[in-house]
Amino acid sequence: MIELIDVEKSYEVDGRAVPALKPTRLEIANGEVFGIVGHSGAGKSTLVRLINRLEAPSGGRVVIDGEDVTGYGDEDLRAFRRKVGMIFQHFNLLFSKTVADNIAFPMKLAGIYSRAEIRERVDELLQRVGLTDQARKYPAQLSGGQKQRVGIARALACRPSILLCDEATSALDPQTTQSVLRLLADINRELNLTIVLITHEMDVVRRVCDRVAVMDAGEVVESGPVTDVFLHP
Ligand code: ADP
Ligand code: ADP
């Protein structure tokens, strides 16, 4: 479970603290697909970057699977981040590495997996995302949907319990979006993976999310089951 307990975040701008996220209380259950919507600058990325502790909160506590990660230092964070995968709008792949090497990269960085474990895991992930035949290609040779599949496989490499998606389908055409969402839904179901998904596309929310939070000016202004939030004004 993801628990944000009165979490807030300010950034220092010209010597004064500007709030990006006002004190927020939010719980996301294991296995849930949770959507975050809102205008640009509403605080969506800040909220998500607090969950994987890419940002340190200015106040409050971040508790993941019962572990308070608020005060974690570099060493603890390195281990913790293996539990949290992330995918991005522009995929953030390494263009000088093959598909297989991109997927292997987080496992190599972790330094806790044998070469045999990495090879086996990469094969399994290639199969899961349907890219076995593209293993030796480079990202530039792939379509957008295929690149995001590499991003998903890479995010899953270290067997995270949480997957964070920041506008993961925003650069894709509608048909490719559908197939990537179907893949995410399968992964959610089969691995009981918790998915937190930032999007500006309402269709994405309706299609895959269980619950949704609407953010505005650094606050969650509404949250609940998708049908409640979007059917009742
Ligand atoms: P969203 O993801 O909804 O577009 P963000 O979380 O990126 O919103 O940003 C929320 C607010 O925090 C915005 O006003 C943004 O300008 C500000 N902000 C985000 N990151 C930084 C940063 N590193 N330094 C200063 N201000 C930031
Ligand atoms: P370096 O170039 O620092 O030696 P690598 O060759 O291993 O590192 O791969 C990182 C390179 O991948 C970066 O230099 C960058 O040009 C490219 N890259 C990574 N992510 C992206 C991205 N989202 N869009 C474009 N290029 C990217």
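The rules behind the values
- Residues numbered from 1 in each chain as written.
- Chains lettered and ligands numbered in written order.
- Predicted model: local features only at pLDDT ≥ 70, side-chain atom pairs only at ≥ 80, totals over all residues.
- Heavy atoms only, no water.
- UniProt positions renumbered as here; feature names shortened; annotations may be inferred.
- Salt bridge = Lys/Arg side-chain N within 4 Å of Asp/Glu carboxyl O.
- Helix = DSSP H or I, 4+ residues; strand = E, 2+ residues; numbered from the N terminus.
- Buried < 20%, exposed > 50% of the residue type's maximum accessible area, 1.4 Å probe, protein only.

- Named according to an unreviewed UniProt entry, the chain is Cell division ATP-binding protein FtsE originating from Tamilnaduibacter salinus.
- According to the UniProt record, the Sequence similarities (unreviewed entry) comment for the chain reads "Belongs to the ABC transporter superfamily."
- Among the UniProt annotations of the chain, the heading Function (unreviewed entry) holds the following wording: "Part of the ABC transporter FtsEX involved in cellular division. Important for assembly or stability of the septal ring."

## Details of the pattern of salt bridges
And then number 1: Overall, the coordinates contain 14 salt bridges when judged by the stated rule.
And then number 2: Across the pair Arg 128 and Glu 190 runs a salt bridge whose closest N-O atoms are separated by 2.9 Å. Of this pair, Arg 128 sits in helix 4 (residues 115–128) while Glu 190 is found in helix 6 (residues 174–191), placing the two residues 62 residues apart along the sequence.
And then number 3: You can call Arg 128 partly exposed: its relative accessible area is 31%.
And then number 4: With its nearest N and O atoms 2.8 Å apart, the salt bridge here joins Arg 189 to Asp 186. Taken together, the residues span about one helical turn, with Arg 189 and Asp 186 both in helix 6 at a distance of three residues.
And then number 5: Linked by salt bridges that have partners in common, Lys 9, Arg 49 and Glu 55 make up one network.

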